[in-house]
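Chain and residue survey
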Amino acid sequence: MSQTGRPLVLLVNPNSSAATTALMVDVARATLEPAGLEVRGVTAASGPPMIVGAADLERSADGVLEGALRGLRDGEGRVVAIVVAAFGDPGREALAAAVDVPVVGIGQSALLAAAAGGRRFGMATTTPGLVPSLEAMVRRHGVAATFTGVRLTRTGPTTLAEQPDLQDLELERAARASFEEDGARAVIIAGGPLSGAARRIAASGIGTVVEPVPAAMQRVLDLR
C-alpha cells in the first residue's frame, strides 16, 4: 500500500494478466507522476488472459466493475479517476454510471486524440477478431468520417505476444501501410498489451503514432 497522500488514478486491466497490468502502469506513470498523481494497477480477477474477440470484451466487463470497486475501497479516499485499460473499453459506461469519479477508456482517449481537428487516422493491431468492435467504437464516438481503417499484422496475437521483436516489426509494417497506403495522418497502436510496442514504434519516427495509455492519462489530466 502506498505511503503517500497523493491523488490516485486507478488503471483497471480487464484481462487477467498481471504482467500486462504492470506494463501499462509503467507507461502511465511517465505521464502522471510529473503531475503529482500516483498510478495503481488493478488486474481483473475474472477477465480473459487476452482479449482477442468480441466475446472476450463482453465477458471482461464484469471484471472491470469488480476491480474498480475493489480499487476504490482500497484507495483510502484518494482516487480521482479510473482508467479502463483495454482498447475496447469494456464496462466503461456502466462503471461511469456507478462511481463518482471520472472514468476514461484507453480506446476512447486514443480515438479522440487521433481524430482531433478532423485529422485522418487509422489503427494498427494484432487482433482480427476485434475489428468489428473497433469499427463500432469509431462510429460510437462520432469519428468515422476521418477513419481510414484497421491494418493488421500477418501473425496472430498469441504468437506475437511471445515474440516481441516480431510483434514490433509487424505492427510497424501495419502502421506504415496505414500512413502510406491509406492516407492516415495519425495511427493508433490499438491494444493495451501493445503498450511497449506502441512506445517503441512512436519513437521510430515513422509518423504520428497515438499510444492509447498515454492518451488516456492525458485525458485524465485534462479533466482535472
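The written sequence of each chain sets the order in which its residues are numbered from 1. The predicted origin of the model limits local features to residues at a pLDDT of at least 70 and limits the giving and counting of side-chain atom pairs to 80 or more, whereas totals for whole chains, interfaces and linings rest on all residues. Hydrogens and waters are ignored; side-chain quantities use all the structure's heavy atoms.

**Quick look at the sheet that holds strand 7 (residues 186-189)**
Definition in use: Note on pairing: two strands pair once DSSP finds at least 2 bridges between them. Only runs of H or I of at least four residues qualify as helices and only runs of E of at least two qualify as strands under DSSP, and these elements are numbered from the N terminus. In this analysis an axis means a line fitted to C-alpha atoms, helices contributing only their contacting stretch, and an angle means the value between N-to-C directions, from 0 to 180 degrees. In what follows, residue pairs with any heavy atoms lying within 4.5 Å of each other are defined as contacts.
Taken in spatial order, the 4 strands of this open sheet run 6-5-7-8, and their pairing is parallel. Of all strands in the sheet, those bounded by a partner on one side alone are strand 6 (147-152) and strand 8 (208-210). Mean inter-strand twist for the sheet, computed between neighbouring axes without regard to direction, equals 25°. Where strand 5 (residues 121-125) and strand 6 come together, 4 bridges link them in parallel fashion. By the bridge assignment for strand 6, Thr 125 is matched with Leu 152. Across the sheet, helix 4 (residues 106-114) touches strand 5, strand 7 and strand 8, and the angle it forms with strand 7 is around 170°.

**Considerations on the sheet that holds strand 4 (residues 103-105)**
The 4 strands are arranged 2-1-3-4 in an open sheet whose pairing can be described as parallel. Taken across any chain shown, the strands that pair with only one partner, and hence form the sheet edges, are strand 2 (38-43) and strand 4. Averaged over all adjacent pairs, the angle separating strand axes in this sheet is 25°, with direction ignored. Of the pairings in the sheet, the one linking strand 1 (residues 8-13) to strand 3 (residues 79-84) comprises 5 bridges and is parallel in character. Within strand 3, the residue paired with Leu 10 across the bridge is Ile 82. With respect to the sheet, helix 1 (residues 18-32) is in contact with strand 1 and strand 2, its orientation differing from that of strand 2 by roughly 165°. Here helix 4 sits on the sheet in contact with strand 3 and strand 4, set at roughly 70° to strand 4.

**Things to note about the packing of helix 1 against helix 9 (residues 212-223)**
Quick reminder of the rule: For this classification, under 35 degrees means roughly parallel, over 145 means roughly antiparallel, 65 to 115 means roughly perpendicular, and everything else is oblique. A crossing counts as left-handed when the near helix is turned anticlockwise from the far one by less than a right angle, and as right-handed when that turn is clockwise.
Running from N to C, helix 1 and helix 9 point in directions that differ by 40°, and their axes come no closer than 9 Å. The angle between helix 1 and helix 9 falls in the class oblique. In the crossing of helix 1 with helix 9, the sense of the turn from one axis to the other is right-handed. Contacts from Met 24, Val 27, Ala 28, Thr 31 and Leu 32 of helix 1 reach helix 9 at Val 213, Pro 214, Met 217, Gln 218 and Leu 221.

**Digging into unusual backbone geometry**
Definition in use: Throughout, exposure labels follow a simple rule: accessible area from a 1.4 Å probe, protein chains only, divided by the maximum for the residue type, with under 20% read as buried, over 50% as exposed, and the rest as partly exposed.
Although it is not a glycine, Glu 76 sits at a positive phi angle of roughly 55°. Here Glu 76 is to be found in the loop between helix 2 (54-74) and strand 3. Assessed through its relative accessible area of 41%, Glu 76 is described here as partly exposed. A positive phi angle is found at Asp 89, which is not glycine, with a value near 55°. Its location among the elements puts Asp 89 in the loop between strand 3 and helix 3 (92-98). On the accessibility criterion, Asp 89 (7% relative accessible area) is buried.

**Structural notes on the side chain of Thr 148**
Inspection of the secondary structure assignment puts Thr 148 in strand 6. Discounting chain neighbours no more than four positions away, the residues touching Thr 148 are Arg 120, Phe 121, Gly 122, Ser 178, Asp 182, Gly 183 and Ala 184.

**Things to note about the pairing of strand 2**
Stated precisely, the cut-off is as follows: When the strands point away from the viewer and the connection leading from the first strand across the helix to the second strand turns clockwise, the crossover is called right-handed.
Relative to strand 2, strand 1 runs parallel, the two sharing 6 bridges. From the neighbouring strand, Leu 8 faces strand 2, where its bridge partner is Glu 38. What joins strand 1 to strand 2 is helix 1, and the crossover it makes is right-handed.

**Examining the pairing of strand 1**
The buried count for strand 1 comes to 6 of 6 residues, which makes it a mostly enclosed element. Burial of the side chains of strand 1 extends over both faces: Leu 8, Leu 10 and Val 12 are buried on one face and Val 9, Leu 11 and Asn 13 on the other.

**What about helix 7 (residues 164-180)?**
Worth spelling out the cut-off: An expected span of 1.5 Å times one less than the residue number is assigned to each helix.
Relative to the 24 Å expected for 17 residues at 1.5 Å per residue, helix 7 spans 24 Å between its end C-alpha atoms, a close match to the ideal helical length. Against strand 5, strand 6, helix 6 (157-161), strand 7, helix 8 (195-202) and strand 8 lie the buried residues of helix 7.

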